[in-house]
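# Per-entry structural report
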Amino acid sequence: MQKIVILTGAGISAESGLGTFRAEGGLWAQHRIEDVATPEGFARDPKLVMDFYNARRAQAAEAAPNAGHVALAELEAQFPGEVVLVTQNVDDLHEQSGSRRVMHMHGALKGALCAACDHRWPAPMQMAPGDACPQCGAPTARPDIVWFGEIPYDMDEIYDHLAEADLFVSIGTSGNVYPAAGFVAEARRHGARTIEFNLEPSAIGSQFDDIRIGPATQTLPAWVTEVLATSG
Ligand code: BV8
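Computed from a prediction, not measured in an experiment: that's the story for all the values here. (Residues numbered from 1 in each chain as written. Predicted model: local features only at pLDDT ≥ 70, side-chain atom pairs only at ≥ 80, totals over all residues. Heavy atoms only, no water.)

Within the largest apolar cluster, 22 residues are counted, with the highest numbers of intra-cluster contacts made by Tyr53, Leu109, Trp121, Met127, Ile145 and Trp147. With 5 residues, helix 5 (residues 46-62) is the largest single contributor of residues to this core. For Trp147, the contacting residues outside a window of four places in its chain are Val36, Ala37, Thr38, Pro39, Phe42, Val49, Tyr53 and Arg142. (Core = buried A, V, L, I, M, F, W, Y, C linked by side-chain atoms within 4.5 Å. Buried < 20%, exposed > 50% of the residue type's maximum accessible area, 1.4 Å probe, protein only. Helix = DSSP H or I, 4+ residues; strand = E, 2+ residues; numbered from the N terminus. Contact = heavy atoms within 4.5 Å.)

Now for the packing of helix 6 (residues 67-78) against helix 10 (residues 216-230). At a closest axis distance of 7 Å, the pairing of helix 6 and helix 10 adopts a crossing angle of 15°. Considering the angle they form, helix 6 stands roughly parallel to helix 10. Classified by chirality, the crossing of helix 10 by helix 6 is left-handed. Packed against helix 6, whose contacting residues are Ala67, Gly68, Ala71, Leu72, Leu75 and Gln78, the element helix 10 presents Ala216, Thr217, Leu220, Pro221, Trp223, Val224, Val227 and Leu228 at the interface. Residue classes in the contact of helix 6 with helix 10 are distributed as 11 nonpolar, 3 polar and no charged. (Axes fitted to C-alpha atoms, helices over the stretch in contact; angles between N-to-C directions. Parallel < 35°, antiparallel > 145°, perpendicular 65-115°, else oblique. Left-handed = near helix turned anticlockwise from the far one by under 90°. Nonpolar A, V, L, I, M, F, W, Y, C, P; charged D, E, K, R; others polar.)

As a further point, take helix 6. Quick reminder: α-helices carry 3.6 residues per turn. Residues three or four places apart thus point the same way. Across its 12 residues, helix 6 extends 16 Å between first and last C-alpha, which sits within 8% of the 16 Å expected from 1.5 Å per residue. Packing partners of the buried residues in helix 6 comprise strand 1 (3-8), helix 1 (11-14), strand 2 (82-87), helix 7 (93-96), strand 7 (167-171) and helix 10. (Expected span 1.5 Å × (residues − 1).)

Below, the discussion takes up the environment of Phe168. Tracing the backbone through its elements, the reader meets Phe168 in strand 7. Expressed as a C-alpha distance, the spacing of Phe168 and Thr217, which sit 49 residues apart in the sequence, is 19 Å. In contact with Phe168, other than residues within four places in its own chain, are Val5, Leu7, Leu162, Phe183, Val184, Ala187, Ala192, Arg193, Thr194, Ile195 and Phe208.

Counting buried positions over the 5 residues of strand 7 gives 5, a clear majority of the element. Covered by surrounding structure in strand 7 are Leu167, Val169 and Ile171 together with Phe168 and Ser170, the residues of both alternating faces. Two strands pair when backbone bridges link them, and strand 1 and strand 7 are joined in this way by 5 bridges, in the parallel orientation. Residue pairing for strand 7: Ile4 is matched across the bridge by Leu167. Where strand 7 and strand 8 (residues 193-198) come together, 5 bridges link them in parallel fashion. (Pairing = 2+ DSSP bridges.)

Here the focus is unusual backbone geometry. Of all residues except glycine, most have a negative phi; of all peptide bonds, most are trans. Here the bond from Tyr178 into Pro179 is cis, since omega is 5°, no more than 30 degrees from zero. Positionally, Pro179 belongs in the loop between strand 7 and helix 9 (183-189). Its identity is not glycine, yet Asp154 carries a phi of approximately 60°, on the positive side. Its place among the elements puts Asp154 in the loop between strand 6 (141-145) and helix 8 (155-164).

Pasting the structure below:
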């Protein structure tokens, strides 16, 4: 097995204290997706959206990586083949745990973007409507987050990785959001073996060859030990 492609979702950060989206009391339970994670919601009430991401940026800054994040960083460091990590998460817990090849397909809380000139810069802890872009000066700063209806980042590169994967691993995602939820079908089409790690089978659980049920802080370290022991 030479190439492992991993997709993570909110579930891998749950045990670090960061809310998931669809659990009761999850982030979306407190807010309607349309209001806080769409361009239309941002246009309608930019302060609500900026405050939603300010709260998540502050929460993420307090969070620490858990054993699941650490296990994936160890896999990348010690696996003799290639490990590519695609995350739907906007926190930086993968980077904090030592993962180096991390692709944030839905953007990152630590990033700010200018809606006028596309300039990107490190986001301040708190952003407010009308913040100026340091590059062009327009009052059009926004969180560098991919909202519903917007095109996820690095899609071409991600599809190239899926085409070359020997193993596709999906961790802590409910399989509700596309195109990420379609990655398992894409990997299978190219002959990859597929494993899902979750507390319960996801909406796309039936598409995986193997499902490892349990909290990621337990299932991932055990799996990484297994892979490294058999990868020579
Ligand atoms: C696009 C950033 C075109 C924001 C996010 C109708 C049908 C199909 C699709 C659509 C449709 N109508 C519209 C669409 C497209 C839409 C979509 O999929 N909508 C859904 C709601 C139907 N998608 C888009 O708009 C995307 N763009 O399609 O552009 C395109 C397509 C292809 C190629 C080019 C262009 C853009 C979507 C991006 C939206 N932004 N995030 C933010 O973070 O604030 S999405 C957001 O929710 C997350 O980023 C994540 O991606 C997503 C799903 O969340 P999960 O990570 O899965 O979290 P969730 O809470 O749902 O699940 C957690 C899981 O963890 C659970 O299963 C739980 O059991 C498990 N878990 C919990 N604890 C643990 C655990 N597992 C292990 N251990 C634990 N301890």
